Amino acid sequence: MTNYRAGIVGLGGIGAGPLAAQPVHPALGIRWPHPHAGAYAVQSNVEVVAVCDLVPELLDQFRTTWHDTWPDVTTYTDYREMLDDEQLDLLSVVTSDHRHAQISIDAAERGVRGIFCEKPIATTMAEADQMIAACQKNGAVMTVDHSRRWMANFHAAMALLGDGPLGAVRRIVGSMGGPRAMLFRNGTHLIDTVCWFANSEPEWVIGQLDAGHENHPPRYAGDGGKDSALDPAGSGLVQFANGVRGFINCHKEMATPNHVYVFAEHGRLLVDNNTAEAFIVGENRNDVLRRVLPVPHTQRGDTPAAIAELIEAIEQGGIETISPPQEARKTLGIMLGMLQSNAADSAKVRFPVQDV
Ligand SMILES: NC(=O)c1ccc[n+]([C@@H]2O[C@H](COP(=O)([O-])OP(=O)(O)OC[C@H]3O[C@@H](n4cnc5c(N)ncnc54)[C@H](O)[C@@H]3O)[C@@H](O)[C@H]2O)c1
């Protein structure tokens, strides 16, 4: 079995976090780790050989937390030095939202074969294009951590669409509440889910940001995801080329966790972070069959599944993962389109969205 040399840049909680305490539940089984370090630790064919952060204390903390698993890990404060020294096969880019692009490009150019980039892919279209071009030119596979793409309940729901009993998707309504319902921080997860279910190219978007952001510039103006006030929530309407429309509602003063309603020819689905329910309409339109969809309790977990899939994609000669950068680029276009639309009194913004 090939052994993969992995590195992580960015050692906040989601980058460096440990395994969840186990066992978690006698019936539900293992709770798989969500952070990158924990997810690498459960892959038998990966060793984290190097990590990097600008903050030296986080390097010390990493060494302490992970000493028993990776006693020989080398630490860096300069990721370029790490790339030059370590011949990494895999790199997790877990820096703040607006610091993904150059690190990913440098990694592809220095021969890293699999890049696991946190969401959102980037904060400008130009950056996303450069990242995609660098991966294509150098034969690197990139996967973007829009985590729901590796969650079994979303797959259980999707299996009922298309040729399944619910038929074709027509409308999608996605909602997300709480202080992190900021467009770029967590709205990106919701919008990616809408794009995934729509399974088409966005044609235009209309955006209306929430109160207090009337004068938000038509471009990203956040600080990387820390200050919720700098990354607005808002509502959006997206038209896809196949006729599907997506309605997006991010609102910070709403308790609703992330959930998505998918309205299809023969009924609807409700999917949240843990469950999926289908409501199938019979011949008599008042006759609705409600089904809670069974979701395997022993699923691998989103981040370990993403890493395993990335390795598989490399081994199969560089095929796309379920969350390729081109998909993440759609979501970025919708978010930037919402900002541009809001700045133009909610006018329609047509794709391809350009940086302004
Ligand atoms: N998929 C998920 O569920 C999920 C959950 C949380 C966070 N995230 C994403 O993960 C990323 C990190 O989030 P966070 O909350 O840990 O952010 P953070 O700002 O707390 O941590 C980022 C770390 O990256 C380091 N860093 C920044 N630039 C660097 C550079 N050039 N070289 C080396 N280190 C650098 C910083 O010092 C910091 O320690 C964000 O993109 C965020 O959106 C994803």
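Our subject is the structure listed above.
One structure accompanies this document, and this report is about it. Bear in mind the structure is a predicted one, so any value in this text is a computation, not a measurement.

## Examining the site of the ligand
Near the ligand, the surroundings consist of 23 residues, among which Asp 53, Asp 97, Lys 119, Arg 185 and Lys 226 are the closest. Side-chain polar atom of Asp 53 to an oxygen atom of the ligand: 2.6 Å apart, as the coordinates give it. A distance of 2.9 Å separates an oxygen atom of the ligand from a polar atom in the side chain of His 100. Protein burial of the ligand: of its 850 Å² of free accessible surface, 84% is covered by the chains.

## A few points about the pairing of strand S14 (residues 288-292)
Two elements, strand S13 (residues 276-281) and S14, share 5 bridges in a ladder whose sense is antiparallel. Counterpart to Phe 279 in the pairing with S14 is Arg 290. Between S13 and S14, which pair antiparallel in sequence order, lie 6 residues.

## Thoughts on the packing of helix H6 (residues 125-138) against helix H10 (residues 325-343)
Close contact between H6 and H10 brings their axes to 10 Å; oriented N to C, the two are set at 175 degrees. By the angle between their axes, H6 is roughly antiparallel relative to H10. Each of Met 125, Ala 128, Asp 129, Ile 132 and Gln 136 in H6 lies in contact with H10, whose residues at this interface are Pro 325, Gln 326, Arg 329, Leu 332, Gly 333 and Leu 336. For the contact of H6 with H10, a count of residues per class yields 6 nonpolar, 3 polar and 2 charged.

## Digging into the packing of helix H4 (residues 79-86) against helix H5 (residues 101-109)
Relative orientation of the contacting elements H4 and H5 amounts to 15 degrees, with a least axis distance of 10 Å. One element, H4, and the other, H5, form an angle in the roughly parallel class. Judged by the sense of rotation from one axis to the other, the crossing of H4 with H5 is right-handed. Residues Tyr 79, Arg 80 and Leu 83 of H4 touch H5, and the partners they reach there are Gln 102, Ile 103, Asp 106 and Ala 107.

## Some details on the side chain of Ser 147
The topology assignment puts Ser 147 in the loop between strand S6 (141-144) and helix H7 (152-158). For Ser 147, a relative accessible area of 4% corresponds to the buried category. For Ser 147, the residues in contact, after removing those within four places along its chain, are His 34, His 189 and Asp 302.

## With respect to a positive patch on the surface
The grouping of Arg 171, Arg 245, Lys 348 and Arg 350 at the surface amounts to a positive patch. With respect to the helices and strands, Arg 350 occurs in strand S15 (residues 349-350). The exposure class assigned to Arg 350 is exposed, which follows from its relative accessible area of 53%.

## Some thoughts on the sheet that holds strand S4 (residues 90-93)
Whenever strands of a sheet pair, they do so through backbone hydrogen bonds, lying parallel or antiparallel. Strand order in this open sheet of 6 strands is S3-S2-S1-S4-S5-S6, and the pairing throughout is parallel. Pairing within the sheet leaves two strands with one partner each, and these edge strands are strand S3 (74-76) and S6. Adjacent strand axes in the sheet meet at a mean angle of 20 degrees, parallel and antiparallel pairs treated alike. Sheet topology places strand S5 (residues 114-117) next to S6; 4 bridges connect them, and they run parallel. Note on S6: the bridge partner recorded for Phe 116 is Thr 143. The sheet strands contacting H4 are strand S1 (4-9), strand S2 (46-52), S3 and S4, and the helix crosses S2 at an angle near 145 degrees.

## So, the packing of aromatic side chains
Here the distance between the centres and the angle between the planes together describe a pair of aromatic rings. In this structure the tally under the stated criterion is 9 aromatic pairs. Arranged with centres 6.2 Å apart and planes meeting at 5 degrees, the rings of Phe 62 and Trp 70 form a pair that is stacked. For Phe 62, a relative accessible area of 1% corresponds to the buried category. A centroid spacing of 6.5 Å and a plane angle of 40 degrees characterise the contact between Phe 154 and Phe 197, whose relative ring orientation is tilted. Separated by 43 residues along the polypeptide, Phe 154 in helix H7 and Phe 197 in helix H8 (residues 183-198) bring together distant segments of the chain. Comparing Phe 154 with Phe 197 shows no difference in burial state: the two are buried. Members of the aromatic cluster, joined through ring pairs, are Phe 62, Trp 66 and Trp 70. Lying across the ring of Phe 279, Arg 268 places its NZ or CZ 4.2 Å from the centre.

## Here's the deal with the sheet that holds strand S10 (residues 245-251)
In spatial order, the strands read S14-S13-S12-S11-S7-S10-S9-S8-S15; together these 9 strands make up an open sheet with mixed pairing. Strands at the two margins of the open sheet, each flanked by one partner only, are S14 and S15. As paired elements, strand S8 (residues 202-209) and S15 share 2 bridges and run antiparallel to each other. Paired with Trp 204 across the strands is Arg 350, a residue of S15. This element, H8, spans strand S7 (169-177), S8, strand S9 (234-240), S10, strand S11 (259-264) and strand S12 (267-272) of the sheet and lies at about 165 degrees to S7. Of the strands in this sheet, S8, S9, S10 and S15 are in contact with H10, which crosses S8 at around 50 degrees.

About the cut-offs
- Residues numbered from 1 in each chain as written.
- Predicted model: local features only at pLDDT ≥ 70, side-chain atom pairs only at ≥ 80, totals over all residues.
- Heavy atoms only, no water.
- Near = heavy atom within 4 Å.
- Polar contact = N/O pair within 3.5 Å; in protein donor to acceptor, adjacent residues only side chain to side chain.
- Areas by Shrake-Rupley, 256 points an atom, 1.4 Å probe, with all protein chains shown as cover.
- Pairing = 2+ DSSP bridges.
- Helix = DSSP H or I, 4+ residues; strand = E, 2+ residues; numbered from the N terminus.
- Axes fitted to C-alpha atoms, helices over the stretch in contact; angles between N-to-C directions.
- Parallel < 35°, antiparallel > 145°, perpendicular 65-115°, else oblique.
- Contact = heavy atoms within 4.5 Å.
- Nonpolar A, V, L, I, M, F, W, Y, C, P; charged D, E, K, R; others polar.
- Left-handed = near helix turned anticlockwise from the far one by under 90°.
- Buried < 20%, exposed > 50% of the residue type's maximum accessible area, 1.4 Å probe, protein only.
- Patch = residues over 30% accessible without salt bridge, like charges linked within 9 Å, V, L, I, M, F, W, Y side chains within 5 Å.
- Salt bridge = Lys/Arg side-chain N within 4 Å of Asp/Glu carboxyl O.
- Lys, Arg positive; Asp, Glu negative; His and termini not counted.
- Charge placed at Lys NZ, Arg CZ, Asp CG, Glu CD.
- Phe/Tyr/Trp six-rings, centres within 6.5 Å; stacked < 30°, edge-to-face > 60°.
- Lys NZ or Arg CZ within 6 Å of the ring centre and 35° of its normal.

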